[in-house]
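Understanding the architecture of this molecule
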Amino acid sequence: MKAVVRHTYGSPSTLRVEEVAEPSLEPGHVIVKVAAAGVNMAEWHLTTGEPRIARLALGFPRPKRITLGEDVAGVVAAVGPGVTRVRVGDAVFGSARGSWAELVSATEELLQPLPEGVTFEQAAGLPMSGYTALQALRACGPVQGKRIAVTGAGGGVGSALVQLASARGARVTAVCSTAKVGFVRELGAHEVIDYTVADPTAVGQRFDVVLDFAGNLPIRQWKPAIVAGGVLVLGGGEGGGKMLGAVSRSLQAPFTRGIKVVTLMAMPKGEDLAALAQVVAAGEIRPTFARSYTFAEATQAVDAVRSAAYAGKVALTP
């Protein structure tokens with residue numbers, strides 16, 4: 001089968017489409033024929049091997065795994081022993097390691113039925129952004145009536161956070177670039193700060209919660225903009241250099257007083273993917289699909305995500 005791979009760390013130009021072995025069918029697993037796969041900043045990090053501290057887990061001097069991708073949407077092609085919830089022919093979406101391939105193996109618990117009225121390309125952009133947003137909101141507690149700032153509001157995680165927080169009764173201030181102001185307003189943001197014009201930490205507002213998934217501002221700069229006892233949730237962020245990346249900000253957290261700082265390491269969980277399917281069905285989150293690329297165009301897709309070229313999500317199709 002065909003898959004997008006890389007054999008060394010480097011720029012997205014190192015990505016290639018090659019023939020690889022089809023996944024074997026294991027107990028409790030499902031083989032999905034991939035219709036679309038999501039593209040996240042995670043794939044840029046896996047491709048470049050940056051921050052380099054991550055190579056301790058990813059492999060050194062080259063990647064342990066050559067395949068990429070986690071978000072998937074497609075049709076069940078085979079089910080292994082012990083699988084009871086899905087059947088061959090079911091349309092599903094969820095998480096599966098190595099989803100940038102024609103076929104992928106996933107555990108049954110990490111798959112959900114394709115939501116009604118949602119296309120494969122739209123669904124492929126939901127899993128990682130959605131479960132990350134759900135876990136971030138859980139980390140900051142009830143949000144009803146609270147003033148919440150969301151950075152990167154025009155991206156995958158940010159757009160999910162704007163929608164969820166607004167639906168749950170928070171007053172949401174979205175931080176984004178000029179080109180995405182209208183987009184985040186349509187998602188339910190009550191106020192928008194264009195970071196190309198104004199520093200979100202210096203606009204005279206104080207927030208109960210800041211969900212920082214795209215910025216690289218240091219914690220000390222955010223602290224005056226957060227009420228005493230407020231919460232700063234850190235996830236992503238591309239500052240900090242090639243060695244430590246966003247980890248450098250997290251190292252400041254234990255020394256911060258007056259606010260709660262949470263460093264979120266989101267992971268796919270069955271209960272969160274089930275909750276994601278529910279909030280999509282309820283209309284709390286709508287897919288923010290922007291554009292698809294073919295596997296042969298994976299380099300362009302990763303570059304587009306890295307440069308935040310689009311409002312919303314990007315997908316790959318075989």
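Here's a quick rundown of the structure.

Attention now goes to the pairing of strand β3 (residues 29-39). Counting buried positions along β3 gives nine out of 11 residues, so the element sits mostly inside the fold. Examined bridge by bridge, β3 and strand β6 (residues 103-107) share five bridges and lie antiparallel to one another. Following the sheet pairing, His29 is matched in β6 by Thr107. Here β3 runs beside strand β4 (residues 71-79); their pairing, made up of seven bridges, is antiparallel. Paired with Lys33 across the strands is Val75, a residue of β4.

The geometry of an aromatic ring pair is captured by the separation of the ring centres together with the interplanar angle, meaning the angle of the planes. Overall, the coordinates contain zero aromatic pairs when judged by the stated rule. Across from the ring centre of Tyr293, 4.0 Å away, lies the NZ or CZ of Arg291, which sits over that ring. In this arrangement the basic side chain of Arg306 is found over the ring face of Trp44, its NZ or CZ atom lying 4.0 Å from the centre.

This next bit is on the sheet that holds strand β9 (residues 171-176). Read across the sheet, six strands follow the order β10-β9-β8-β11-β12-β13 without closing on themselves; strand pairing throughout is parallel. Each edge of the open sheet is held by one strand with a lone partner, namely β10 (191-194) and β13 (260-263). Shown here is a sheet whose adjacent strand axes are inclined to one another by a mean of 15 degrees, direction ignored. In this sheet, strand β11 (residues 207-212) lies alongside strand β8 (residues 147-150) in parallel orientation, the contact comprising three bridges. The partner of Ala149 across the bridge, within β11, is Val210.

A few words now on the packing of helix α4 (residues 127-140) against helix α10 (residues 270-281). Direction vectors running N to C along α4 and α10 enclose 100 degrees, while the axes themselves pass 9 Å from each other. On the basis of their axis angle, the class for α4 and α10 is roughly perpendicular. Of the residues in α10, those in contact with Pro127, Gly130, Tyr131, Leu134, Gln135 and Arg138 of α4 are Asp272, Leu273, Ala275 and Leu276. Residues of the contact of α4 with α10, tallied by class, amount to six nonpolar, two polar and two charged.

Further remarks concern the pattern of salt bridges. The final tally for this structure, using the stated rule, is five salt bridges. For the salt bridge of Asp272 with Arg138, the shortest nitrogen-to-oxygen distance reads 2.5 Å. Of this pair, Asp272 sits in helix α10 while Arg138 sits in helix α4, placing them 134 residues apart in sequence. Accessibility expressed as a relative area gives 2% for Asp272, which makes it buried. Between Arg147 and Asp208 there is a salt bridge, with its nearest N and O atoms 3.4 Å apart. Taken together, the positions of Arg147 in strand β8 and Asp208 in strand β11 put the pair 61 residues apart, joining distant regions of the chain. Among the residues examined, Arg147 registers a relative accessible area of 39% and is labelled partly exposed.

Right, let's talk about the environment of Ala198 for a bit. Tracing the backbone through its elements, the reader meets Ala198 in the loop between β10 and β11. Of the residues examined, Ala198 reaches a relative accessible area of 27% and is grouped as partly exposed. For the pair Ala198 and Val175, spaced 23 residues apart in the sequence, the C-alpha separation amounts to 9.7 Å. Residues contacting Ala198, with those up to four places away along its chain left out, are Ile193 and Val203.

Now for the packing of α4 against helix α5 (residues 156-167). Closest axis-to-axis distance for the α4/α5 pair is 8 Å, and the angle between their directions is 50 degrees. In terms of orientation, α4 and α5 fall into the oblique class. The hand of the α4/α5 crossing is right-handed. Across the interface between the two elements, Ser129, Thr132, Ala133, Leu134, Ala136 and Leu137 of α4 pack against Gly156, Val157, Ala160, Leu161, Leu164 and Ala165 of α5. Of the residues in the contact of α4 with α5, the class split is nine nonpolar, three polar and no charged.

Another point: the nonpolar core. By size, the foremost hydrophobic cluster in this structure holds 48 residues, and its most contacted members are Leu161, Leu211, Val233 and Leu276. The dominant element in this core, judged by the number of residues it contributes, is α4, at seven residues. Discounting chain neighbours no more than four positions away, the residues touching Leu211 are Ala136, Leu137, Ile148, Ala149, Val150, Thr151, Leu161 and Val233.

What follows covers helix α11 (residues 298-306). Those residues of α11 lying buried are Ala298, Thr299, Ala301, Val302 and Ala304. Structurally, α11 contributes buried residues whose contacts are with β1 (2-5), β3, α1 (41-48), β14 (289-294) and β15 (313-317).

The next subject is the side chain of Thr48. Inspection of the secondary structure puts Thr48 in helix α1. A relative accessible area of 8% places Thr48 in the buried class. Contacts of Thr48, omitting those with residues within four sequence positions, involve Tyr9, Gly10 and Arg55.

What counts, and at which threshold
Residues numbered from 1 in each chain as written. Predicted model: local features only at pLDDT ≥ 70, side-chain atom pairs only at ≥ 80, totals over all residues. Heavy atoms only, no water. Buried < 20%, exposed > 50% of the residue type's maximum accessible area, 1.4 Å probe, protein only. Helix = DSSP H or I, 4+ residues; strand = E, 2+ residues; numbered from the N terminus. Pairing = 2+ DSSP bridges. Phe/Tyr/Trp six-rings, centres within 6.5 Å; stacked < 30°, edge-to-face > 60°. Lys NZ or Arg CZ within 6 Å of the ring centre and 35° of its normal. Axes fitted to C-alpha atoms, helices over the stretch in contact; angles between N-to-C directions. Parallel < 35°, antiparallel > 145°, perpendicular 65-115°, else oblique. Contact = heavy atoms within 4.5 Å. Nonpolar A, V, L, I, M, F, W, Y, C, P; charged D, E, K, R; others polar. Salt bridge = Lys/Arg side-chain N within 4 Å of Asp/Glu carboxyl O. Left-handed = near helix turned anticlockwise from the far one by under 90°. Core = buried A, V, L, I, M, F, W, Y, C linked by side-chain atoms within 4.5 Å.

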